[in-house]
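A structural walkthrough
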Amino acid sequence: MPEAFVQGLNDNTRFKVVDVLNARLSDVISLALATKQAHWNLRGPGFIGVHELLDEVADRLRESSDLIAERAVILGGFADGTAEVVAEKTTMKPYPLNERDLQVHLEALRERFLDVGAKIRAAIDEAGEIGDDDTEDLFTEVSRQIDKDAWFIAANMPEPSNA
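Procedures and definitions
Residues numbered from 1 in each chain as written. Predicted model: local features only at pLDDT ≥ 70, side-chain atom pairs only at ≥ 80, totals over all residues. Heavy atoms only, no water. Axes fitted to C-alpha atoms, helices over the stretch in contact; angles between N-to-C directions. Helix = DSSP H or I, 4+ residues; strand = E, 2+ residues; numbered from the N terminus. Parallel < 35°, antiparallel > 145°, perpendicular 65-115°, else oblique. Contact = heavy atoms within 4.5 Å. Nonpolar A, V, L, I, M, F, W, Y, C, P; charged D, E, K, R; others polar. Left-handed = near helix turned anticlockwise from the far one by under 90°. Polar contact = N/O pair within 3.5 Å; in protein donor to acceptor, adjacent residues only side chain to side chain. Expected span 1.5 Å × (residues − 1). Core = buried A, V, L, I, M, F, W, Y, C linked by side-chain atoms within 4.5 Å. Buried < 20%, exposed > 50% of the residue type's maximum accessible area, 1.4 Å probe, protein only.

1. Focus: the packing of helix α2 (residues 47–74) against helix α5 (residues 133–154)
- The contact between α2 and α5 brings their axes to 11 Å, and the two run at 170°. With respect to each other, α2 and α5 are oriented roughly antiparallel. Seen from α2, the contacting residues are L53, L54, V57, R60, L61, S64, L67, I68 and R71; seen from α5, they are D134, T135, L138, F139, E141, V142, Q145, I146, D149, F152 and I153.
- Considered class by class, the residues forming the contact of α2 with α5 number twelve nonpolar, three polar and five charged.

2. Observations regarding the packing of α2 against helix α4 (residues 102–130)
- Viewed as axis vectors pointing N to C, α2 and α4 meet at an angle of 25°, and their least axial separation amounts to 12 Å. Considered as vectors, α2 and α4 are oriented roughly parallel to each other. As α2 runs across α4, the sense of the crossing is left-handed. Two secondary-structure elements touch here, α2 through F47, V50, L54, V57 and L61 and α4 through L102, L106, L109 and F113.

3. Looking at the side chain of D27
- Relative to the elements of secondary structure, D27 occurs in helix α1 (residues 11–41).
- A distance of 2.7 Å separates the side chain of D27 from the backbone nitrogen of T91, its partner in a polar contact.
- In contact with D27, not counting residues within four places along its chain, are T90, T91, M92, V116 and K119.

4. Digging into α4
- Between its first and last C-alpha atoms α4 spans 41 Å; for 29 residues at 1.5 Å apiece the expected length is 42 Å, and the two agree.
- Where α4 begins, the capping side chain belongs to D101, and its oxygen is found 3.0 Å from the backbone nitrogen of Q103.
- Immediately beyond the C-terminal end of α4, within one or two residues, lies G131, with a positive phi of roughly 110°.

5. Here's the deal with the nonpolar core
- The biggest cluster of nonpolar side chains holds 42 residues, and the ones touching the most others in it are L61, I68, L109, F113, F139 and I146.
- Breaking this core down by element, the ones donating at least two residues are α1, α2, α4 and α5.
- The dominant element in this core, judged by the number of residues it contributes, is α1, at eleven residues.
- Excluding residues that lie within four positions of it along the chain, I68 makes contacts with L21, L25, V28, L138, F139 and V142.

Printed below as a string of structure tokens:
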């Protein structure tokens, strides 16, 4: 592993944390791409508001992926964020193609935000168990943003009926 730019973490800790960072990096990049897929293709009532929201959400996801990638490099590893690596390593369910219905996109995104959010929260615990408090904190920051964006997305969906 190349030189690290941190003190107080042994090589074994750094190796493990870089693996966790890269696993979640693939999911966050995949989620950003799914968000843009919806942004480009959705149609229906409320289009412009959701279209603009998803552009902002994708920007925030790219910022989160940047934080994750840079942390991997700071720890002396490499950020594995190419399209080929993301396609191979993401754990996110494939996003539907050839879909235009706004509500179908919102449901597909909500489902994926909840899934990736749960995996980010698991990474918080994993980083803590490994002994890297700073990466634990980074994942907490990413988790908060993903949860907030999941809420924004769900706020555009109809309320479930109480039948």
